[in-house]
Amino acid sequence: MEIVLGYTAIAVALLIGFGALGVGIGMGLLGGRFLEGCARQPELAPMLQTKMFLVVALLDAVAMIGVGIALFFAFANPFIGQLAAVTG
Amino acid sequence: MASEGGYANSGEYIQHHLQNLQGCQVDGQWVTNIHETKICAGNFWALNLDSMFWSVFLGIVFCSLFYRVAKNIEAGKPGKLQAMIELVVEFVDGSVKDTFHGKSPVIAPLALTIVAWVFLMNIMDLIPVDWIPKLGQMLGIEYMKVVPSTDVNVTFGMSLSVFALILFYSFKIKGVTGFIVGELMMNPLNPKELGVPKLLWPLVCSFNLVLEIVALLAKPLSLSLRLFGNMYAGELLFILIALIGYWQLPLHFGWAVFHILVVTLQAYIFMMLTIVYLSQAHEHH
């Protein structure tokens, strides 16, 4: 039981951590390109900002799916039920 | 707070606030999980009554508000409410005009419904965590989650409806064989253009089919899980901040201000992606 709980905790941390890592790098690149675009053509800044927020939300999606699954495992761990069914 | 309201510890507080009010049939009788938390757990036909009530209620609020404003339009000098509604409608109209490259009377009302309904559902997350559930508890309703978009069922319901529309329009515009053969089997490796001998066509086509089906299924899945994940994480963070004690207020305020951005953005994204997917379904070469 302790092993299951311990490994679940590590899994939750990895899910959230790697998601955050990927999104961090992605957002950094995105923001950099956006600023470059604004510097080249300042009159396009509002339009570029709208499109940037669109891509931000798309990037968030995969990270959030990971966070959702991780929080599910943190609070409603199905492995505990399986363990109880097998051993108890 | 962790010690008030009869919660044994913080874990129980969190679990209590993440539990939906469920109704299901047990031995032919309709029961709710008010007295027995896990009675509907794992039941395929269980209904999340609180999500259904709040989503329908917010839908009625949206429809009646927009209908009332549309009925009493003052052309010369619009009131503030009418100006706000006009802003929203013009925004949706602009987005549809920019993105949708087809002809359909359904898209703009659909986009308006999606953005307004999802926005209203998400805004419920900004109401302090304990207020409405406390009211519910005083009325005897033990569990209540007020944000419908934190319920996977609600978000999947919306995204599967959009998926049904995508399939309907794909079949209508391109024809059933046109869609399945022309789109799914000929992309991304088009055997005709690559000069593949006729014998190898089934191989290339089945490879294309697998890739295209995965891409097609990813659309409703990502649409619903994106909204669900964002809202669930936001709500969970509010619950976690509520456990801290007297230092809640600045943290709550900070997170709520950030969450306003997330709330609006997620509603906008759901609408934009719906328009983009339906525009792709309408594409006719």
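Now for a description of the structure that goes with this document. Computed from a predicted model, the values in this text were never measured in an experiment.

**Re the overall build of chain B**
Point 1. Per the secondary structure count, chain B includes 10 helices and 3 strands.
Point 2. Counting from the amino terminus, chain B carries its helices and strands in the arrangement α-β-β-β-α-α-α-α-α-α-α-α-α.
Point 3. Projected onto its principal axes, the C-alpha positions of chain B cover 75 × 60 × 40 Å.
Point 4. Considering only contacts within chain B whose residues lie at least 6 apart along the sequence, 67% involve residues at least 24 apart.

**What to know about the sheet that holds strand β2 (residues 29-32) of chain B**
Point 1. With antiparallel pairing, the 3 strands of this open sheet are ordered in space as β2-β1-β3 (chain B). Strands with a single pairing partner mark the edges of an open sheet, and in this sheet they are β2 and β3 (47-48) of chain B.

**Focus: helix α2 (residues 45-75) of chain A**
Point 1. The end-to-end C-alpha distance of α2 of chain A is 43 Å, a good match for the 45 Å that 31 residues give at a rise of 1.5 Å each.
Point 2. A maximum bend of about 30° is found in α2 of chain A at Ala 61 of chain A.
Point 3. Every buried residue of α2 of chain A is listed here: Ala 57, Asp 60, Ala 61, Ala 63, Met 64, Ile 65, Gly 66, Val 67, Gly 68 and Ala 70 of chain A.
Point 4. For α2 of chain A, the secondary structure elements touched by its buried residues are α1 (2-40) of chain A together with α9 (201-242) and α10 (248-281) of chain B.

**A look at the nonpolar core**
Point 1. Ala 111, Ile 114, Val 115, Val 118, Ala 267, Phe 270 and Met 271 of chain B are the most contacted members of the largest nonpolar core, which totals 54 residues.
Point 2. Those residues in contact with Phe 270 of chain B that lie beyond four places of it in its chain are Ile 114, Val 118, Leu 223 and Leu 227 of chain B.

**Side note on helix α2 (residues 49-71) of chain B**
Residues and elements named next belong to chain B.
Point 1. Here α2 is 23 residues long and its end C-alpha atoms lie 32 Å apart, about the 33 Å a rise of 1.5 Å per residue gives.
Point 2. Buried within α2 we find Asp 50, Ser 51, Trp 54, Ser 55 and Leu 58.
Point 3. The elements touched by buried residues of α2 are β3, α4 (107-123) and α6 (152-174).

**Some remarks on the packing of α6 of chain B against α9 of chain B**
Residue and element names in this part refer to chain B.
Point 1. Remark: α6 packs on α9, axes separated minimally by 8 Å, with the N-to-C direction vectors making an angle of 150°. Relative to α9, α6 is oriented roughly antiparallel. Of the two elements, α6 crosses α9, and the hand of that crossing is right-handed. On α9, the residues that touch Val 152, Thr 155, Phe 156, Met 158, Ser 159, Leu 160, Val 162, Phe 163 and Ile 166 of α6 are Lys 219, Pro 220, Leu 223, Ser 224, Leu 227 and Phe 228.
Point 2. A class-by-class count of the residues in the contact of α6 with α9 yields 11 nonpolar, 3 polar and 1 charged.

**Points about the interface of chain B and chain A**
As a measure of interface size, the accessible area lost when the parts come together is often cited.
Point 1. With 16 residues of chain B at the interface, the matching set in chain A holds 11 residues.
Point 2. Secondary structure elements with two or more residues in the side of chain B that touches chain A: α1 (10-17), α9 and α10 of chain B.
Point 3. If one sorts the elements of the side of chain B that touches chain A by residue count, α9 of chain B sits on top with 9 residues.
Point 4. Its residues placed into classes, the side of chain B that touches chain A shows 10 nonpolar, 5 polar and 1 charged.

**Digging into the environment of Leu 237 of chain B**
All names here are of chain B.
Point 1. In this structure, Leu 237 sits in helix α9.
Point 2. Assessed through the 16 C-beta atoms surrounding it within 10 Å, Leu 237 is described here as partly exposed.
Point 3. Each C-alpha atom, one on Leu 237 and one on Leu 227, is 16 Å from the other, the two residues being 10 residues apart in sequence.

**Observations concerning the pairing of strand β1 (residues 22-26) of chain B**
Residues and elements named next belong to chain B.
Point 1. In this structure, β1 lies alongside β3, joined through 2 bridges in antiparallel fashion. Across the sheet, the residue bridging to Gly 23 is Leu 47, located in β3.
Point 2. Bridge count for β1 against β2 is 4 bridges, and the pairing is antiparallel. Bridging from a neighbouring strand, Gln 25 pairs with Trp 30 of β2.
Point 3. With antiparallel pairing between neighbouring strands as the criterion, β1 and β2 make up a hairpin whose turn holds 2 residues, including Asp 27 at a positive phi of roughly 55°.

Rules used throughout
Here the residue index of a chain counts from 1 through its sequence in written order. Naming scheme: in the order in which they are written, chains are lettered from A and ligands are numbered from 1. Local features in this predicted model are restricted to residues whose pLDDT is 70 or higher, and side-chain atom pairs enter the listing and the counts only when it is 80 or higher, whereas totals over whole chains, interfaces and linings include all residues. Helix numbers and strand numbers start at the N terminus; a helix is a DSSP run of H or I with at least 4 residues, a strand a run of E with at least 2. Residues are defined as contacting one another if the C-beta atoms placed from their backbone atoms lie within 7 Å. Here, a strand pair is defined by DSSP locating no fewer than two bridges between the strands. Multiplying one less than the number of residues by 1.5 Å gives the expected span of a helix. Two axes enter the bend calculation: one fitted to the seven residues ending at the residue in question, the other to the seven starting there, and the bend is the angle between them. Working definition of burial: number of other C-beta atoms within 10 Å of the residue's own, with buried at 20 or more, exposed at 12 or fewer, and partly exposed in between, all C-beta atoms being placed from the backbone. What we call a nonpolar core is a set of buried Ala, Val, Leu, Ile, Met, Phe, Trp, Tyr and Cys residues whose membership is set by joining through C-beta atoms within 7 Å. Only the stretch in contact is used when fitting a helix axis, every axis being a line fitted to C-alpha atoms; angles between N-to-C directions are given from 0 to 180 degrees. Note on terminology: angles under 35 degrees are roughly parallel, angles over 145 are roughly antiparallel, angles of 65 to 115 are roughly perpendicular, and the others are oblique. Two helices cross in a left-handed way if the nearer one is turned anticlockwise from the farther one by less than a right angle. They cross in a right-handed way if the turn is clockwise. Amino acid classes used here: Ala, Val, Leu, Ile, Met, Phe, Trp, Tyr, Cys and Pro are nonpolar; Asp, Glu, Lys and Arg are charged; the rest, including Gly, are polar.

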